[in-house]
Amino acid sequence: MNVFVTGATGNLGQAVVEALKTKNIDVKAGARHPERLADGIKAVRFDYEDPTTFASALDEVQGVFLQAPSMESAAPEIMKPFIDQAKLAGIQHIVLNSALGVDANEAAPLRVVERMLMETGIAYTILRPNFFMENFSIGFIAPMIAHSGAFFLAADDAKTSFISVKDIASVVATSFAEGLTGKAFNLTGSRALDRQEVASIISEAAGKPIAYNAIPEEAMLEGARANGMPEGAVQYMAGLYQAVRNGWTEATTSDVEAVTGSAPITFEAFAKENAGLWK
Ligand SMILES: NC(=O)c1ccc[n+]([C@@H]2O[C@H](COP(=O)([O-])OP(=O)(O)OC[C@H]3O[C@@H](n4cnc5c(N)ncnc54)[C@H](OP(=O)(O)O)[C@@H]3O)[C@@H](O)[C@H]2O)c1
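Considering helix H7 (residues 195–206)
Link 1 in the chain: When the terminal C-alpha atoms of H7 are compared, their 16 Å separation across 12 residues agrees well with the 16 Å that a helix rising 1.5 Å per residue should span.
Link 2 in the chain: Buried within H7 we find Arg195, Val198, Ala199, Ile201, Ile202, Ser203, Ala205 and Ala206.
Link 3 in the chain: Between a side-chain oxygen at the N-terminus of H7 and the backbone nitrogen of Gln196 the separation is 3.0 Å; the capping residue is Asp194.
Link 4 in the chain: Just beyond H7, the residue with positive phi is Gly207, at close to 75 degrees.

This is the structure we're talking about:
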């Protein structure tokens, strides 16, 4: 099987490329700047907002790993032309990365994308992961830790069952390899942690103190704006952290183990593996 991977330069996209290779699935990686992808990967330029990039993305592939640009409230409008084109190209299986909890709100952008995919008639698998552990190592929290030895979030003392992108990627690869279609999986780690506990685990792994500072929502949003985040993404982020403070990211599921046969990576193991990034 050949699979086209959207967002292949992203945190999750890179892990998906690696996981597909371990299942001997041929990968074509898509990115707006394919030159940023590692050597040895078959890559094409791909931009949801440039339909001239769709034909080479969909040529000679049977599967597509679909993910939205991060924190994009216009995801349905941006992704629809490509999903329509995938249908016309005869794609046989799409694995969509959505997000935990969106099925509780029919108006949530990623829920609208889920519905759009289901209505195409293409065989699908929907993955709804919780917050990524990698937000702390290579994602948006990493620069805060590097800059000030602390991270600042409007999460109070709420708990979240963080998941590693490696586990999500394993579920993606198994979904394609075993044809797990017509299913939705809610993907979490096996334990919920508050962010003080996360800070302790990272401090222990890094061998130096890294603090969590709970801040008010407005301070977090102002900080994001000051770092150049577009207003649409700022509002999206506000919704995400409201969900965290409401306790909606605390539950755990057994879906990772049920699909892959392995328990999810613990935060301690993730921190040990990435300790060098925080030293
Ligand atoms: N981070 C989390 O905790 C979390 C939790 C649940 C769900 N999610 C969802 O998981 C997905 C991946 O998250 P992530 O943290 O891995 O994000 P990320 O590192 O920012 O990756 C997003 C990818 O989207 C690509 N992209 C952006 N605009 C694009 C466009 N117009 N056309 C094509 N590709 C475009 C980017 O590639 P280029 O810029 O190189 O083109 C990048 O590779 C997102 O949909 C996010 O909403 C994230």
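Resuming the write-up.
Side note on the sheet that holds strand S4 (residues 63–67)
Working definition: the strands of a sheet are paired by backbone hydrogen bonds and lie parallel or antiparallel to each other.
Link 1 in the chain: Read from one edge to the other, the open sheet built from seven strands follows the order S3-S2-S1-S4-S5-S6-S9, with strand pairing classed as parallel. Taken across any chain shown, the strands that pair with only one partner, and hence form the sheet edges, are strand S3 (43–45) and strand S9 (183–187). With direction set aside, neighbouring strand axes in the sheet form an average angle of 20 degrees.
Link 2 in the chain: Both strand S5 (residues 93–97) and strand S6 (residues 123–129) contribute to a ladder of five bridges, which runs parallel. Paired with Ile94 across the two strands is Tyr124, which belongs to S6.
Link 3 in the chain: Its contacts with the sheet put helix H3 (residues 75–88) on strand S1 (2–5), S4 and S5, and the angle it makes with S4 is roughly 170 degrees.

Describing helix H8 (residues 217–226)
Three or four residues apart is the spacing at which side chains of an α-helix point the same way, because the helix has 3.6 residues per turn.
Link 1 in the chain: Buried residues of H8: Met220, Leu221 and Ala224, and no others. Looking straight down H8, one finds that the buried residues subtend no more than 95 degrees of arc, so they occupy a single side.
Link 2 in the chain: Close packing links the buried residues of H8 with strand S7 (150–153) and helix H9 (231–245).
Link 3 in the chain: Within two residues after H8, Gly228 carries a phi angle of roughly 90 degrees, on the positive side.

Observations concerning the site of the ligand
Link 1 in the chain: Near the ligand lie 22 residues; those nearest to it are Thr9, Arg32, Ala68, Asn97 and Asn135.
Link 2 in the chain: Take Ser70: an N or O atom from its side chain is 3.4 Å from an oxygen atom of the ligand.
Link 3 in the chain: Protein chains bury 85% of the 900 Å² of accessible surface belonging to the ligand in isolation.

Considerations on the side chain of Asn135
Link 1 in the chain: Mapping Asn135 onto the fold places it in the loop between S6 and helix H5 (142–148).
Link 2 in the chain: Setting aside residues up to four positions removed in sequence, Asn135 forms contacts with Phe140, Ile141 and Ala142.

A closer look at the confidence of the model for the protein
Any region with low pLDDT has predicted coordinates that should not be read closely.
Link 1 in the chain: In the predicted model, the protein carries a mean pLDDT of 97, and 100% of its residues have values of at least 70.
Link 2 in the chain: Ranking the helices and strands of the protein by mean pLDDT puts S5 first, with 99, and H5 last, with 95.

Concerning the pattern of salt bridges
Link 1 in the chain: In this structure the tally under the stated criterion is 15 salt bridges.
Link 2 in the chain: Between Glu114 and Arg111 there is a salt bridge; the shortest N-O distance is 2.7 Å. Of the two residues, Glu114 and Arg111 are both situated in helix H4 (residues 109–120); the distance of three residues between them amounts to about one turn of the helix. The pair formed by Glu114 and Arg111 is uniform in burial state, with each residue classed as buried.
Link 3 in the chain: For Arg128, the salt bridge identified is with Glu114, shortest N-O distance 2.8 Å. Linking Arg128 in strand S6 with Glu114 in helix H4, this pair joins segments that are 14 residues apart in sequence.

Thresholds applied
- Residues numbered from 1 in each chain as written.
- Predicted model: local features only at pLDDT ≥ 70, side-chain atom pairs only at ≥ 80, totals over all residues.
- Heavy atoms only, no water.
- Helix = DSSP H or I, 4+ residues; strand = E, 2+ residues; numbered from the N terminus.
- Expected span 1.5 Å × (residues − 1).
- Buried < 20%, exposed > 50% of the residue type's maximum accessible area, 1.4 Å probe, protein only.
- Polar contact = N/O pair within 3.5 Å; in protein donor to acceptor, adjacent residues only side chain to side chain.
- Pairing = 2+ DSSP bridges.
- Axes fitted to C-alpha atoms, helices over the stretch in contact; angles between N-to-C directions.
- Contact = heavy atoms within 4.5 Å.
- Arc of directions from axis to C-beta.
- Near = heavy atom within 4 Å.
- Areas by Shrake-Rupley, 256 points an atom, 1.4 Å probe, with all protein chains shown as cover.
- pLDDT = per-residue confidence, 0-100.
- Salt bridge = Lys/Arg side-chain N within 4 Å of Asp/Glu carboxyl O.

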